[in-house]
Amino acid sequence: MHAVRAALLDAQAEAAGLLLWPVPIPSPCSNAQYEAAMMQVVERARAAGVTAFAFGDLFLADIRAYRERQLVGSGLTPVFPLWRRPTDTLARDMIAGGLRARVSCVDPKKLRADFAGREFDLEFLSDLPSGVDPCGENGEFHTFAYAGPMFRHAIAITPGVVVERDGFVFADLMPAQ
């Protein structure tokens with residue numbers, strides 16, 4: 001959905017000091033295929049001694065309930081550390097705390113295509129039209145975080161071309177050479 005290059009995901013995990021477990025899914029992907037792929041990761045996590053999965057959901061109760069249902073009986077506890085945080089305050093707090101991110105994907109039915117590729121900063125937030133969540137919680141946009149206190153070092157990226165595909169607008173972010 002975010003259409004971020006695998007090399008950037010690898011660099012992000014390395015900068016954060018985390019293991020990355022890619023979950024390949026076909027495109028298009030049915031919900032049954034998605035759930036089967038995710039259950040394989042749940043089993044792998046349990047075998048590795050993982051006891052909880054953290055989710056960045058903010059206020060969509062149906063999504064939270066779905067995640068909780070999927071983990072019932074798995075031995076993994078779903079954790080929602082950002083749940084019900086006011087998104088306007090959260091977005092500004094993340095920026096003030098040093099988060100640097102670029103918009104990687106825009107749903108043009110909810111936000112103009114020219115927002116793709118923009119820096120997620122105070123100017124971006126002030127330019128958002130009324131009704132667009134500042135954290136993109138309703139799927140208006142997705143971002144790629146490339147610097148911040150959670151990383152040991154920044155990830156050098158170059159904004160590439162902006163393309164429309166499958167009804168979404170993507171900024172082709174690339175590792176800087």
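Small disclaimer: the values here were computed from a predicted structure and weren't measured. (Residues numbered from 1 in each chain as written. Predicted model: local features only at pLDDT ≥ 70, side-chain atom pairs only at ≥ 80, totals over all residues. Heavy atoms only, no water.)

(A) Representation of the pairing of strand β5 (residues 157-165) in the model. Looking at chain direction, β5 and strand β6 (residues 168-175) are connected through seven bridges and run antiparallel. Within β6, the position partnered with Val162 by the bridge is Ala171. The turn linking β5 back onto β6 is made up of two residues, and Asp166 within it adopts a positive phi angle of 55°. (Pairing = 2+ DSSP bridges. Helix = DSSP H or I, 4+ residues; strand = E, 2+ residues; numbered from the N terminus.)

(B) Up close: helix α1 (residues 6-16). Within the span of α1, buried status applies to Leu8, Gln12, Ala13 and Ala15. End-on view of α1: buried residues confined to an arc of 165°, all on one side of the axis. Along its buried surface, α1 packs onto β4 (141-147), β5 and β6. (Buried < 20%, exposed > 50% of the residue type's maximum accessible area, 1.4 Å probe, protein only. Arc of directions from axis to C-beta. Contact = heavy atoms within 4.5 Å.)

(C) Summary view of the pattern of salt bridges. As enumerated under the stated definition, the model contains 11 salt bridges in all. Notably, a salt bridge pairs Glu14 with Arg152, separated by 3.4 Å at the nearest N-O pair. Of this pair, Glu14 sits in helix α1 while Arg152 sits in the loop between β4 and β5, placing them 138 residues apart in sequence. Salt-bridge contacts for Arg100 lead to Glu119; the nearest nitrogen and oxygen are separated by 3.0 Å. Pair noted here: Arg100 is in strand β3 (residues 100-106) and Glu119 is in the loop between β3 and α5 (122-127), with a separation of 19 residues, a long-range link. Here Arg100 falls in the partly exposed class, since its relative accessible area comes to 41%. One salt-bridge network, in which partners are shared between bridges, spans Arg100, Arg102 and Glu119. (Salt bridge = Lys/Arg side-chain N within 4 Å of Asp/Glu carboxyl O.)

(D) Inspection of unusual backbone geometry at higher detail. Along the chain, Ser27 connects to Pro28 via a cis peptide bond; the corresponding omega equals 0°. Structurally, Pro28 can be placed in the loop between α1 and α2 (31-47). Residue Arg84 is not a glycine yet carries a positive backbone phi of 70°. Tracing the sequence through the fold places Arg84 in the loop between β2 (77-79) and α4 (87-96). With a phi angle near 55°, Asp166 is a residue other than glycine that sits in the positive phi range.

(E) How the structure looks around the packing of aromatic side chains. All told, the structure shown has seven aromatic pairs when counted by the stated rule. Summarising the aromatic geometry, the rings of Phe55 and Phe80 are spaced 5.4 Å apart at their centres and angled 25° between planes, so their arrangement reads as stacked. With a gap of 25 residues between them, Phe55 in the loop between β1 (52-54) and α3 (61-71) and Phe80 in the loop between β2 and α4 connect regions that are remote in the sequence. We note that Phe55, like Phe80, is buried. Considering the side-chain rings of Phe120 and Phe141, the 6.3 Å spacing of their centres and the 40° angle between planes classify their relative orientation as tilted. Residue Phe120 is located in the loop between β3 and α5, and its partner Phe141 is located in strand β4; the two are separated by 21 residues in the primary sequence. The same class applies to Phe120 as to Phe141, namely buried. What links up through ring pairs into an aromatic cluster is the set Phe115, Phe120, Phe124 and Phe141. Across from the ring centre of Trp83, 4.8 Å away, lies the NZ or CZ of Arg64, which sits over that ring. (Phe/Tyr/Trp six-rings, centres within 6.5 Å; stacked < 30°, edge-to-face > 60°. Lys NZ or Arg CZ within 6 Å of the ring centre and 35° of its normal.)

(F) Region of interest: the pairing of β6. Bridge count between β3 and β6: two bridges; the pairing is antiparallel. Pairing of Cys105 across the sheet is with Phe170, part of β6.

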